[in-house]
Amino acid sequence: PKIRKMLCSGVCTSTVQLPGKVAVVTGANTGIGKETAKELAQRGARVYLACRDIQKGELVAREIQTMTGNQQVLVRKLDLADTKSIRAFAKDFLAEEKHLHILINNAGVMMCPYSKTADGFEMHMGVNHLGHFLLTHLLLEKLKESAPSRVVNVSSLAHHLGRIHFHNLQGEKFYNAGLAYCHSKLANILFTQELARRLKGSGVTTYSVHPGTVNSELVRHSPFMKWMWWLFSFFIKTPKQGAQTSLYCAITEGLEILNGHHFSDCSVAWVSAQARNETIARRLWDVSCDLLGIPMD
Ligand SMILES: NC(=O)c1ccc[n+]([C@@H]2O[C@H](COP(=O)([O-])OP(=O)(O)OC[C@H]3O[C@@H](n4cnc5c(N)ncnc54)[C@H](OP(=O)(O)O)[C@@H]3O)[C@@H](O)[C@H]2O)c1
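Now for a quick tour of the structure. Please read these numbers as outputs of a predicted model, since none were measured by experiment.

### Concerning the pairing of strand 5 (residues 149-154)
Within a regular beta strand, the side chains point alternately toward one face of the sheet and then the other, so they alternate between its two faces.
Here is step 1: Along strand 5, 6 of the 6 residues are buried, which leaves the element largely enclosed by surrounding structure.
Here is step 2: The pairing of strand 4 (residues 102-105) with strand 5 spans 4 bridges and is classified as parallel. Looking at strand 5, one finds that I104 is bridged to V152.
Here is step 3: Handedness of the β-α-β unit built from strand 4, helix 5 (residues 123-145) and strand 5 comes out right-handed.
Here is step 4: Of the pairings in the sheet, the one linking strand 5 to strand 6 (residues 204-210) comprises 6 bridges and is parallel in character. Within strand 6, the residue paired with N153 across the bridge is S208.

### Things to note about the pattern of salt bridges
Here is step 1: If you walk through the whole model with that rule in mind, you get 14 salt bridges.
Here is step 2: We note a salt bridge from K38 to E35, for which the minimum N-O separation is 3.3 Å. Here K38 pairs with E35, and both are found in helix 2 (residues 31-42), just 3 residues apart, close to one helical turn.
Here is step 3: Residue E35 is classed as buried on the basis of its relative accessible area, which comes to 13%.

### Section: the environment of L140
Here is step 1: Mapped onto the fold, L140 is located in helix 5.
Here is step 2: A residue is classified by how much of its surface remains accessible, and L140, at 13% relative accessible area, is buried.
Here is step 3: The sequence separation of L140 and D82 amounts to 58 residues, and the corresponding C-alpha distance is 19 Å.

### Side note on the environment of L130
Here is step 1: Structurally, the position occupied by L130 is in helix 5.
Here is step 2: For L130, a relative accessible area of 2% gives the class buried.
Here is step 3: Spatially, the C-alpha atoms of L130 and G33 are 18 Å apart, while their sequence positions differ by 97 residues.
Here is step 4: Apart from residues lying up to four places away in sequence, L130 is in contact with F121, M125, S288, L291 and L292.

Scoring rules and cut-offs
- Note that residues are indexed from 1 along each chain, following the sequence as it is written.
- The predicted origin of the model limits local features to residues at a pLDDT of at least 70 and limits the giving and counting of side-chain atom pairs to 80 or more, whereas totals for whole chains, interfaces and linings rest on all residues.
- As a rule here, side-chain values cover all heavy atoms of the structure and leave hydrogens and water aside.
- Accessibility here uses a 1.4 Å probe with only protein chains present; expressed as a share of the type maximum, an area under 20% marks a residue as buried, one over 50% as exposed, and anything in between as partly exposed.
- Numbering goes from the N terminus for both helices and strands, where a helix is a DSSP run of H or I of at least four residues and a strand is a run of E of at least two.
- For two strands to pair, DSSP has to find at least two bridges joining them.
- Place the viewer so that the strands point away; then a crossover is right-handed whenever the path from the first strand over the helix to the second strand goes clockwise.
- Salt bridge, as used here, is a side-chain nitrogen of Lys or Arg placed within 4 Å of a carboxyl oxygen of Asp or Glu.
- Every residue pair with non-hydrogen atoms within 4.5 Å of one another is taken to be in contact.

By themselves, these observations are geometric and do not establish any function.
Shown next, in the form of structure tokens:
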């Protein structure tokens, strides 16, 4: 238990309550996203579970409603591997809701065999980075109108192994499933830093997080990783523990001065040299806009 406590530190101790606040959590039907949504609902927020599988989402929404007594837990369809679905989600959300105070870009895929999204993007880059990039762009005005508001991008320690190869962003030339995940998690941090720079003074702040090594379904595509997760399951975080840093960045008072920073175990964490490179962050922003057909400013 002592080793586990040491490895699984970082608890969000904030007592902030969230009545009247609106939150969206992507990939909220399982793992870290589900626990993050539960924590937000527990504090009284209206929480949208943005899931690609509505049935799974409804089951979880009922579970959270029963556990927290908060009936304002809603499920909406969002498939980040399809820009049409992202646009439809945003359109309906904007029509339905007056505010958005917390956006948690949590959903993710890891170590998929080479495959493409509906729009032809490599799956890791498409879902983990481009999907959330577009979603955030579409919801940005609402976040600004609702300020103070926050965007939390769930990245990973694995970003240290990532590189942004602009000539091979779609990974077609030399595909490695493990590295493809790392590249997309690096993109999450670069996106956060560029977004923070662009949002300065708007009242919207943004953070990237490493949730820790968490026992979840993320390793579903890799039998080896599944076995490793099983072997070390006693030492790694539970999804509830994994949700703490996202929650910390979403609700902790006074965190605005750390706009754009990366967090792990509810503290500021070190990022790789490439993740600190402003030129790469700006170029990735422009390339992402170009790929998604978003006008560049
Ligand atoms: N677990 C770890 O050790 C760890 C470490 C570092 C970072 N992270 C990050 O933490 C985040 C959450 O991961 P997790 O561990 O909770 O994994 P998980 O249990 O596999 O949950 C991932 C969530 O993302 C959803 N998702 C996948 N593809 C999607 C798509 N195309 N559209 C919409 N939703 C989609 C999944 O939906 P379905 O259930 O429908 O597939 C699921 O709800 C990820 O960004 C991951 O990279 C995890």
